[in-house]
Amino acid sequence: MKCIISPFTSCYKNIGSEEYFMSRFDEDIFYLYINAPSIIVGRHQNTYAEINQEYVRQNRIDVVRRLSGGGAVYHDHGNLNYGFIVQNQGKDVNEVFREFTIPIINVLQKLGADARFSGRNDLVIDDKKISGVAQYHKGDKLLLHGTLLFSSDMTKVSQSLRVDPRKFQDKSVKSVSARVTNISPYLTKPLSIEEFTAILAKE
């Protein structure tokens, strides 16, 4: 498996890179990237129903649509994102998720954070969500990607995605709210997100 750490912080370049790897690379890839403040919306979502339009405009937060489904997520410089672009080989997606996220769990536990699997595709610490995953199939390829909340600005997470649900009555996929937390407070010793990225890549 080839490990690539993105030199970009542009959500357009990083989300676009995942699509490029899906279509142009035959070998399996593990992609790590950090985006500048941005909102990544799911393939089938109504963007207007998912984001706080006024807040996003005032703070110049980029918005981009990804290949996979699922809910809208906020990215910033405290959020490490990962993507596995692999041959599917007929495996169940939940099996693939657990197989490829075990190294992430191992790293977090070695660093003092008691991370565990929860539900189908969440990682939690202290019963609080630190990561969510989405997936996309194309031919015999699978993109499995997720977020790792390392030291994100939780105020901006909630403000960016806050919306009055009474304004929208449609059938688009709605984001599921959940209790979330950052990883960094649970580590035995302080690490920068860059140091954390390097440790994860090495594992």
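What counts, and at which threshold
Position numbers for residues count from 1 along each chain, tracking the sequence in the order it is written. Thresholds applied to this predicted model are a pLDDT of at least 70 for local features of residues and 80 or more for the giving and counting of side-chain atom pairs; totals over whole chains, interfaces and linings are not thresholded and use all residues. To obtain the side-chain values, all non-hydrogen atoms of the structure were used and water was disregarded. Residues enter a nonpolar core if they are buried and are Ala, Val, Leu, Ile, Met, Phe, Trp, Tyr or Cys, with the set joined through side-chain atoms within 4.5 Å. Only protein chains enter the calculation, and the probe is 1.4 Å; a residue is then buried if its accessible area is under 20% of its type maximum, exposed if over 50%, and partly exposed in between. Numbering goes from the N terminus for both helices and strands, where a helix is a DSSP run of H or I of at least four residues and a strand is a run of E of at least two. Contacts are assigned to residue pairs with any non-hydrogen atoms lying within 4.5 Å of each other. Whenever Lys or Arg places a side-chain nitrogen within 4 Å of a carboxyl oxygen from Asp or Glu, that contact is recorded as a salt bridge.

Structural notes on the nonpolar core
If you look at the biggest cluster of nonpolar residues, it comprises 31 residues, and the most contacted ones within it are Leu80, Tyr82, Leu108, Leu148, Ile183, Phe196 and Leu200. Within the residue set of this core, elements represented by two or more residues are strand S2 (29-34), strand S6 (79-87), helix H4 (93-110), strand S8 (122-125), strand S9 (128-138), strand S10 (141-149) and helix H6 (193-202). Among the elements that line this core, the one with the most residues is H4, at seven residues. Every residue in contact with leucine 80, bar those within four places of it in the chain, is listed here: Leu32, Tyr33, Ile34, Gly146, Thr147, Leu148, Ile193, Phe196, Thr197 and Leu200.

Examining the pattern of salt bridges
The final tally for this structure, using the stated rule, is four salt bridges. Glutamate 27 is the salt-bridge partner of lysine 2, the closest N and O atoms lying 3.9 Å from each other. You can see lysine 2 sitting in strand S1 (residues 2-5) and its partner glutamate 27 sitting in the loop between helix H1 (11-24) and S2, a full 25 residues away along the chain. Residue classification places lysine 2 among the partly exposed positions, given a relative accessible area of 33%. In this structure, the salt-bridge partner of lysine 129 is aspartate 122, at a minimum N-O distance of 3.5 Å.

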